[in-house]
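If you want the building blocks of each chain, they are given just below.
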Amino acid sequence: MCGSQETMRLIVLLVIAVSCVAAGPSPEEVYVQFLNKIIAKLEDLVERSEDPSKQDELRMQCIYGMNAFLRHASSTWALSMIDSATKLQSGLLRGNLVDLGQYDECVKVTVNPEDLNRTDGPTFYGKHCLVSINFHVPNDTITLNGVPKKLVDLFGVNYIPVTVSQCYPSLCDYWVLEEVLNSIFSVPDNVLQMFGLNYQVTVSIQKNDCYVLDKGPLDAAEWSVLAIIIFILAVTVIATAIDFYYIEAQSRNRPKTYTEEIVVAFSLYTNVRKLLDTTVPSDAMTALNGMKFFSMAWVVVSHRYRYLPTEPLSNLLEFPDELKKLMKMFLLSGPLAVDSFFLISGLLNTYTFCIMRERNRRYTPLDVINGYIHRFFRLTPAYLMMIGFSATWLYRLRDGPVWNRFVGVTRDQCRENYWMNLIYLNNYLNPDTYCMMQSWYLAADMQMFWLSPFVIYPLWRWPIYGIIEVIVLTVASIVTPMLVSYFEEIKTPIPMTTDPVESSKEMAVLYLPTHTKTVSYVLGIGAGYLFYKIKKGKIKFEPNLIARTIGWLITGGLMLFSIFGGYSTYQLDSDYDRIYSAFFIGFQRFFWSLGLVWIIFNCILGYGGPINTILSWKAFIPLGRLTYCVYLTHIAVILTGIGGVKSSIHYSDFDQVERFLGDLMMSLMAACVLSLLLESPMMKIEKMIFGRGSTKKRKIQGTTPQRPSAPPEPHTHQA
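Nothing here was measured: the structure is a model prediction, and the numbers come from that model.

Parameters and conventions
- Residues numbered from 1 in each chain as written.
- Predicted model: local features only at pLDDT ≥ 70, side-chain atom pairs only at ≥ 80, totals over all residues.
- Heavy atoms only, no water.
- Helix = DSSP H or I, 4+ residues; strand = E, 2+ residues; numbered from the N terminus.
- Buried < 20%, exposed > 50% of the residue type's maximum accessible area, 1.4 Å probe, protein only.
- Contact = heavy atoms within 4.5 Å.
- Areas by Shrake-Rupley, 256 points an atom, 1.4 Å probe, with all protein chains shown as cover.
- Salt bridge = Lys/Arg side-chain N within 4 Å of Asp/Glu carboxyl O.
- Arc of directions from axis to C-beta.
- Polar contact = N/O pair within 3.5 Å; in protein donor to acceptor, adjacent residues only side chain to side chain.
- Core = buried A, V, L, I, M, F, W, Y, C linked by side-chain atoms within 4.5 Å.
- Phe/Tyr/Trp six-rings, centres within 6.5 Å; stacked < 30°, edge-to-face > 60°.
- Lys NZ or Arg CZ within 6 Å of the ring centre and 35° of its normal.
- Disulfide = S-S within 2.5 Å.
- Axes fitted to C-alpha atoms, helices over the stretch in contact; angles between N-to-C directions.
- Parallel < 35°, antiparallel > 145°, perpendicular 65-115°, else oblique.
- Nonpolar A, V, L, I, M, F, W, Y, C, P; charged D, E, K, R; others polar.
- Expected span 1.5 Å × (residues − 1).
- Patch = residues over 30% accessible without salt bridge, like charges linked within 9 Å, V, L, I, M, F, W, Y side chains within 5 Å.
- pLDDT = per-residue confidence, 0-100.

Some remarks on the overall build of the protein
Right, on to step 1. Per the secondary structure count, the protein includes 29 helices and 7 strands.
Right, on to step 2. By residue count, 55% of the 719 residues in the protein fall in the buried class.
Right, on to step 3. Contacts spanning at least 24 positions in sequence make up 80% of the contacts within the protein whose residues lie at least 6 apart.
Right, on to step 4. When the accessible surface of the protein is split by element, carbon and sulfur atoms take 62% of a total near 30,700 Å².

Below, the structure written as structure tokens:
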């Protein structure tokens, strides 16, 4: 796979050296020799220290643990530490650059003083550490398939990182190990020079890459979230029992009282029936349910693949060839699923606004503020629960050698930046470290909702000026990402580099900001207004067979271009065409949204044929109701799966699809729990607080009753 044979030979020799199997009759004996070198180097560092300090104390603790290991090298616990460490992994030439060893075997080692034939001394444990051996190649380049590639584009750094696992006494702090290993490999006669190779090797160990089994006691945040969960469960159980055994029978003869309405809001008995109810108004936009579900499934599978380059893969260097496969564009174009939600949100927001203005033409700033309050209290409780869970108990679910790289980072970011999410500005305030990777969308959708009255009201009140505004905003929504792409020299709609600096820049200036994502929402506003006019008979939409055929052909062409049109730009070995990249990035979402508008209009006006039959299948009604909670929970499900791996993964599409189906099923289950215990009750309470209880049941055309339609829940501007 790799054209630079010398580079790969150096990697093999490096791993042999560090995993200590290059000499000696057995790995165990060589490992003991290697630990002797570590002790000698630690003692030398202590002896040469001019100022005894806390650092020397930590080094001495490590020497104690290492000496204990050497004196009892034949004991079961010492052999477990040796056995759990990396030796020499196979498949280096195909990109198997990460070996996780035997994590459980290492961290379950416990050494008490009596195990060392002592009556005093500290108890220590096995500490599993991922050690990155950083191999600096001349010119920071290797050759793949005859094409030179910069290391920063393949690995995100300007060296080849070979990651091995080691098991050390827990008395050895990570920086002590890093210090001594770098000292060993920097000496004039290091192991590479034994083979006549004069290249620089550095060793790095991150604090979060060293694990002991104990995660420590529960802190205040964890106890608080646990108390809230227990309280919600207790209220649900009590409310369900009261509803089932008392209120259900009483309400057959009379309307429910206000107190009974509150109790029923938390009842599983009632909420499950609402969730599974497939009855909708005859003129409802039922095709949107299937569209939302398929879009959400596309989001989940895209995020499953999105994490692949960061997982411990045994065939990492096969990725450039995988990108050559045309059908991979379905995955690379996965962000278009989010535009489907933006479009639906804008459409339903505008349509329900127009319906409400029929009933009450008066529209004041107070109505706008009330609309903002309604939306905040509908979306935020379930969102807040997932933020709290991600910041606390998600970390407690599993462990593993890469757990901190995925779940630990999520926990720390949610604890530090949760407030940015709660004010829905996280995609601007801190685009690099915001809480919950998928939450940028919730912020962008909320921001567009805040601004929507300034477009929808003029469109309804002064149609000519409103239409001009929609057209201007549509053009601006196309030109903005186009200019950003052109002047920032961005090649693809999503970052295709592992260079963290370049990737962060592209995310911050193109992918995350709301102002580069508005085209779908603006088109949704225009489509919602047009649909309202058609339903009221003020505009006729009766295309004949020829017109429908031409429309479907154009729609198919636009949507296929949106998915496959960027194929050449995604290839790692393709030249950067600045003009084409800017054009594709500017028009991709616009073309996709136009296609969706055509599909939606044909389905809800009776011209959808088999497409409408599929999208309107009744099973999609409850599934569509769950899409918001699936969106909130699916990243936690994915991270729990990939963060808990304890051996390298061999990438294949079959395995990824299999894992995706598991992710989707687990996310649906988690979404059911979140929806039934929190989302649905809080929606009911919100309606009662603002004077819209279920005794005055509303069924607005085009919406699924009493549920958020998707991540972007449709919302009226009614006071």
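After that view, the rundown keeps rolling.
Some thoughts on the pattern of salt bridges
Right, on to step 1. The tally for this structure, following the rule as stated, stands at 20 salt bridges.
Right, on to step 2. Across the pair Asp 120 and Arg 118 runs a salt bridge, and its minimum N-O distance is 3.3 Å.
Right, on to step 3. By relative accessible area, Arg 118 is classed as partly exposed at 31%.
Right, on to step 4. Notably, a salt bridge pairs Asp 399 with Lys 646, separated by 3.7 Å at the nearest N-O pair. Of the two residues, Asp 399 sits in the loop between helix 15 (365–391) and helix 16 (403–422) while Lys 646 sits in the loop between helix 28 (627–643) and helix 29 (653–689), which places them 247 residues apart along the sequence.
Right, on to step 5. Sharing partners across several salt bridges, the network here consists of Glu 322, Lys 325, Lys 328 and Asp 653.

What to know about helix 10 (residues 268–276)
Right, on to step 1. Every buried residue of helix 10 is accounted for by Thr 270, Asn 271 and Leu 275. Viewed along the axis of helix 10, the buried residues span an arc of 130°, placing them on a single side of the element.
Right, on to step 2. The opening residue of helix 10 is Ser 267, an N-cap whose side-chain oxygen sits 3.2 Å from the backbone nitrogen of Tyr 269.

Looking at the nonpolar core
Right, on to step 1. By size, the foremost hydrophobic cluster in this structure holds 180 residues, and its most contacted members are Ile 38, Met 66, Trp 77, Ile 160, Leu 181, Trp 440 and Leu 632.
Right, on to step 2. Take this core: its biggest share by element is 13 residues, from helix 14 (residues 336–359).
Right, on to step 3. Residues contacting Leu 181, with those up to four places away along its chain left out, are Phe 34, Ile 38, Val 131, Tyr 168, Val 203 and Ile 205.

Notes on the environment of Ile 638
Right, on to step 1. Note that Ile 638 resides in helix 28.
Right, on to step 2. Overall, the relative accessible area of 0% leaves Ile 638 in the buried class.
Right, on to step 3. Along the backbone, Ile 638 and Arg 304 are 334 residues apart, and their C-alpha atoms lie at a distance of 6.7 Å.
Right, on to step 4. The residues touching Ile 638, leaving out its near neighbours within four places in the chain, are Val 300, His 303, Arg 304, Tyr 307 and Asp 663.

Some details on the packing of aromatic side chains
Here a ring pair, both rings aromatic, is described through the centre-centre distance and the interplanar angle of the planes.
Right, on to step 1. One pass over the structure, following the stated rule, counts 43 aromatic pairs.
Right, on to step 2. Consider the rings of Phe 590 and Phe 591, whose centres lie 5.8 Å apart with planes at 50°: the pair is tilted.
Right, on to step 3. Exposure remark for Phe 591: the relative accessible area of 16% places this residue in the buried category.
Right, on to step 4. In textbook terms, an aromatic cluster arises when at least three aromatic residues are bridged by ring pairs, as seen for Tyr 351, Phe 531, Tyr 532, Phe 541, Trp 552, Trp 598, Phe 601 and Tyr 607.
Right, on to step 5. Its end group placed over the ring of Tyr 395, Arg 411 keeps NZ or CZ at 4.0 Å from the ring centre.

Quick notes on the side chain of Thr 569
Right, on to step 1. Considering the arrangement of structural elements, one finds Thr 569 in helix 24 (residues 567–570).
Right, on to step 2. For Thr 569, a relative accessible area of 7% corresponds to the buried category.
Right, on to step 3. Within the structure, Thr 569 has its side chain in polar contact with the backbone oxygen of Gly 566 (distance 2.6 Å).
Right, on to step 4. In this structure, Thr 569 is in contact with Lys 491, Thr 492, Ser 574, Tyr 580 and Ser 581, ignoring residues within four places of it in sequence.

Some thoughts on the state of the cysteines
Right, on to step 1. Applying the stated criterion to the full structure yields 4 disulfides.
Right, on to step 2. Paired by a disulfide, Cys 62 and Cys 172 hold their sulfur atoms 1.9 Å apart. Across the disulfide from Cys 62 to Cys 172, rotation about the S-S bond amounts to roughly 90°, and the bridge is consequently right-handed. One end of the pair, Cys 62, is in helix 3 (residues 54–71); the other, Cys 172, is in the loop between strand 5 (160–169) and helix 7 (174–186), with 110 residues separating them in the sequence.
Right, on to step 3. At a sulfur-sulfur separation of 2.1 Å, the disulfide partner of Cys 106 is Cys 167. A torsion of 90° about the S-S bond marks the disulfide between Cys 106 and Cys 167 as right-handed.

What about the packing of helix 18 (residues 439–451) against helix 19 (residues 453–461)?
Right, on to step 1. Across the interface, helix 18 lies against helix 19 with an axial gap of 5 Å and an inter-helix angle of 40°. Here helix 18 is positioned oblique relative to helix 19, judged by the angle of their axes. Each of Phe 449, Trp 450 and Leu 451 in helix 18 lies in contact with helix 19, whose residues at this interface are Pro 453, Phe 454 and Val 455.
Right, on to step 2. Each residue belonging to the contact of helix 18 with helix 19 can be placed in one class, and the counts come to 6 nonpolar, no polar and no charged.

Points about helix 14
Right, on to step 1. Helix length check: helix 14 (24 residues) gives 35 Å between terminal C-alpha atoms against 34 Å at 1.5 Å per residue, within 8%.
Right, on to step 2. Buried residues dominate helix 14, accounting for 22 of its 24 residues.

Digging into a nonpolar patch on the surface
Right, on to step 1. Where nonpolar side chains cluster on the molecular surface, the patch consists of Ile 467, Ile 471, Val 475, Val 479, Leu 483, Tyr 486, Phe 487 and Ile 579 and spans about 750 Å² of accessible area.
Right, on to step 2. Broken down by element, the residue count for the nonpolar patch peaks at 7 residues, all from helix 20 (residues 463–488).
Right, on to step 3. Assignment of secondary structure puts Ile 467 in helix 20.
Right, on to step 4. Residue Ile 467 is classed as partly exposed on the basis of its relative accessible area, which comes to 39%.

Concerning the confidence of the model for the protein
Right, on to step 1. Summarising the model, the protein shows a mean pLDDT of 84, and 87% of its residues fall at 70 or more.
Right, on to step 2. Ignoring residues within four places in sequence, the model shows residues 692–719, a span with pLDDT below 50, making 105 contacts including any to other chains.

Examining the environment of Met 669
Right, on to step 1. Inspection of the secondary structure assignment puts Met 669 in helix 29.
Right, on to step 2. Residue class for Met 669 comes out partly exposed when judged on its relative accessible area of 48%.

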